[in-house]
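# Summary of the model geometry
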Amino acid sequence: MKRIGVLLHSLTIEYAISIITGISDFFKDKDVKLIISQVKGPNYDIGLYEYQCWTGTSYLFSEQIDGLIVISGSFSTATGTSDIESCLKQFPEKPIISLSSKLDIPKSSYLHVSTFSAYDYLIKQIKKNTKNPVFAYITSDKIKSQESTERYDSFIKALENNGFKFDENLLFHGNFTQTSAISELKTRIPKRKDLNFNVLFAANDLMAIGAKTYFEEMGVNIPKEMKIVGFDNTSHAESVIPKIATIDQFFFEQGIIAAEAILKKVNGKNIPEQIKLSAKPVLRESCGYPTTEKKKKRGNQLISNGQLSHFLSKIDTIYNLFDLSKASSTLRHLFYSMPYMMDATGIQSIALCFFDTPIILGKKDHFALPDKMSVRMYIDRQNDVAEYDTSIS
């Protein structure tokens with residue numbers, strides 16, 4: 001039996017869940033034991049998991065573990081690649097597959113998702129259906145993400161390939177979150193009259209949704225007056241109206257490829273330093289095109305065959321739903337988006353209960369459960385029921 005460790009920052013995001021599902025799906029009929037370690041980033045003191053520490057991963061580097069898959073992209077909002085490298089170098093050398101940052105560590109390989117062709121295709125399509133397109137871009141350089149830098153470079157190369165020169169004054173800076181996109185746009189474009197572009201690409205779907213929210217509040221019509229493209233093809237992009245055009249980097253497939261590669265590595269086979277995978281463009285309403293792609297299978301629909309089914313089959317569905325709900329800026333928007341979220345996560349019916357007044361707590365505050373809650377939303381997809389208390393917004 002081979003023992004494979006998986007190191008990641010968080011299990012509560014679709015990106016990580018989908019990759020782990022792919023990994024477990026590949027190993028389900030192999031003589032492999034999978035050990036998953038969810039930790040906060042090194043030197044990172046912000047977030048939900050302060051009680052978890054980087055040193056807790058030491059077991060993954062013991063002699064009992066044959067190889068390691070590092071979902072390095074999951075640490076991108078918390079720390080830089082160099083911090084991950086310095087921590088991993090403290091442990092004995094082991095075969096490593098990184099998703100998707102290149103790590104300067106012996107015996108390591110990394111999966112690289114090529115994005116130029118996807119950007120090139122999307123820009124060509126926008127060029128066809130947009131009069132005088134002016135392009136802007138929201139990057140995630142605030143956190144110095146290697147992936148974000150590569151996406152931006154591919155975008156610039158694709159623009160030039162289509163005869164456009166990028167105006168660097170239209171480069172916006174975020175950190176992969178909706179709030180960072182909204183804050184940046186509010187600062188740089190406080191009024192509609194300041195808007196001087198009509199096409200916006202974002203380094204991920206969440207920032208694209210943040211931009212969509214801000215522009216709609218400003219009265220800008222998506223996609224007639226502004227076309228928006230995200231990146232990742234997450235459930236978030238499918239759950240908003242209009243649906244966000246995006247680039248699919250195949251999270252589930254990345255997990256399968258990484259699992260196959262690490263198994264070959266630990267069995268003594270040669271694996272190239274770089275493993276290549278091509279991203280795919282996804283045209284949708286935010287770009288002025290109807291959604292035509294088939295509904296993609298999500299991790300929670302596939303997990304039942306994997307080794308993680310005993311603890312992820314239900315909880316990852318809840319995680320996915322909470323993760324998706326972050327795309328809603330109001331409760332009213334949450335209600336109208338919920339059917340799409342339920343389709344994406346495989347949930348058939350849901351009742352949402354609310355306290356009569358909001359409760360705001362600090363992390364160290366004591367929580368006393370109120371005596372009363374009220375059902376304010378109820379949706380049953382099988383029986384076509386959708387009820388919402390319109391007194392809440």
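All of the points below concern the structure found in this document.

Rules used in this analysis
Within every chain, residues take consecutive numbers counted from 1 along the sequence as written. Per-residue local features are limited, in this predicted model, to residues with pLDDT of at least 70; the limit for side-chain atom pairs, both in listing and counting, is 80 or more; totals at the level of whole chains, interfaces and linings are taken over all residues. No hydrogens and no water enter the side-chain calculation; it runs on all heavy atoms of the structure. Helix and strand assignments follow DSSP, with helices taken as H or I runs no shorter than four residues and strands as E runs no shorter than two, numbered in order from the N terminus. A simple rule labels every residue: compare its accessible area, found with a 1.4 Å probe on the protein chains alone, to the largest value its type can have, and call it buried under 20%, exposed over 50%, or partly exposed in between. Should any heavy atoms of two residues lie within 4.5 Å, those residues are considered in contact. Paired strands, in this sense, are two strands between which DSSP finds at least two bridges. As a rule, the C-alpha atoms of each element are fitted with a line to give its axis, helices using only the stretch in contact, and angles between N-to-C directions run from 0 to 180 degrees. Within this analysis, patches are made of residues with over 30% relative accessible area and no salt bridge. Like charges are joined at 9 Å or less; nonpolar side chains (Val, Leu, Ile, Met, Phe, Trp, Tyr) at 5 Å or less. Values of accessible area rely on a 1.4 Å probe in the Shrake-Rupley scheme; residue burial ignores everything except the protein chains shown. Counted as salt bridges are all cases of a side-chain nitrogen of Lys or Arg within 4 Å of a carboxyl oxygen of Asp or Glu. Taken from the helix axis, the directions to the C-beta atoms give the arc we talk about. Geometric relationships in this document are graded by angle, where less than 35 degrees denotes roughly parallel, more than 145 denotes roughly antiparallel, 65 to 115 denotes roughly perpendicular, and other angles denote oblique. In this scheme, a crossing is called left-handed if the near helix is turned counterclockwise away from the far one by less than a right angle; it is called right-handed if the turn is clockwise.

## Concerning the overall build of the protein
Counting secondary structure elements, the protein contains twelve helices and 15 strands. Going through the 393 residues of the protein one by one, you find that 55% of them count as buried. The contacts in the protein between residues at least 6 apart in sequence include a share of 73% that link residues at least 24 apart.

## Let's talk about the sheet that holds strand E4 (residues 96-99)
Read across the sheet, six strands follow the order E2-E1-E3-E4-E5-E11 without closing on themselves; strand pairing throughout is parallel. Whereas interior strands pair on both sides, the edge strands pair on one side only; in this sheet they are strand E2 (32-38) and strand E11 (274-278). Each adjacent strand pair in this sheet contributes to an overall mean axis angle of 20°, direction not counted. Bridging between strand E1 (residues 2-8) and strand E3 (residues 67-70) involves four bridges; their strand directions are parallel.

## Some points on a nonpolar patch on the surface
Together, Ile359, Leu361, Phe367 and Leu369 give the surface a local cluster of nonpolar side chains, amounting to about 370 Å² of exposed area. Mapped onto the elements, leucine 361 comes out in the loop between strand E13 (349-354) and strand E14 (374-380).

## Looking at unusual backbone geometry
With an omega of 5°, the peptide bond between leucine 99 and serine 100 qualifies as cis. With respect to the helices and strands, the residue serine 100 is situated in the loop between E4 and strand E5 (108-114). Here phenylalanine 176, not a glycine, exhibits a phi torsion of approximately 75°, which is positive. Turning to its location among the elements, phenylalanine 176 is positioned in the loop between strand E7 (171-173) and helix H5 (178-188). In the Ramachandran plot, aspartate 232 falls in the positive-phi region, its phi being about 125° despite a non-glycine side chain.

## Examining the sheet that holds strand E15 (residues 385-388)
Spatially, E13-E14-E15 is the arrangement adopted by the three strands of the open sheet, whose pairing is antiparallel. Strands with a single pairing partner mark the edges of an open sheet, and in this sheet they are E13 and E15. Mean inter-strand twist for the sheet, computed between neighbouring axes without regard to direction, equals 20°. Both E13 and E14 contribute to a ladder of six bridges, which runs antiparallel. If you follow alanine 351 over to E14, its bridge partner there is tyrosine 378.

## Here we look at helix H2 (residues 81-88)
Within H2, burial applies to Thr81, Ile84, Glu85, Cys87 and Leu88. What you see down the axis of H2 is that its buried residues fit within an arc of 165°, all on one side. Looking at the buried side of H2, the elements it contacts are E1, E3, E4 and helix H4 (146-161).

## Some thoughts on the environment of leucine 88
Summarising the element assignment, leucine 88 is placed in helix H2. For leucine 88, a relative accessible area of 4% puts it in the buried group.

## As for the pattern of salt bridges
Overall, the coordinates contain 15 salt bridges when judged by the stated rule. Here lysine 102 and glutamate 273 are joined by a salt bridge, their closest N and O atoms 3.9 Å apart. You can see lysine 102 sitting in the loop between E4 and E5 and its partner glutamate 273 sitting in the loop between helix H8 (251-266) and E11, a full 171 residues away along the chain. Judged by its relative accessible area of 44%, glutamate 273 falls in the partly exposed class. Residue glutamate 238 pairs with arginine 284 through a salt bridge whose shortest N-O separation is 4.0 Å. Highlighted residues: glutamate 238 in helix H7 (residues 235-239) and arginine 284 in the loop between strand E12 (280-282) and helix H9 (299-302), separated in sequence by 46 residues. Considered together, glutamate 238 and arginine 284 belong to a single accessibility category, that of buried residues. When salt bridges with common partners are traced through the structure, they connect Asp356, Lys372, Arg376 and Asp389 into a single cluster.

## Considering the pairing of E14
Most of E14 is tucked away: five of the seven residues are buried. Relative to E15, E14 runs antiparallel, the two being bridged by four bridges. Within E15, the residue paired with aspartate 380 across the bridge is valine 385. Hairpin connection, E14 to E15: the antiparallel pair is bridged by four residues, and aspartate 384 has positive phi, about 55°.

## Considerations on the packing of helix H1 (residues 14-27) against H8
H8 packs onto H1 with a crossing angle of 45° between their chain directions and a minimal axis gap of 7 Å. By the criterion of interaxial angle, the relationship of H1 to H8 is oblique. Considering only the axes of H1 and H8, their crossing is right-handed. Contacts between H1 and H8 pair Tyr15, Ser18, Ile19, Thr21, Gly22, Ile23, Asp25, Phe26 and Phe27 from the former with Phe251, Phe252, Gln254, Gly255, Ile256, Ala259, Glu260, Ile262 and Leu263 from the latter.

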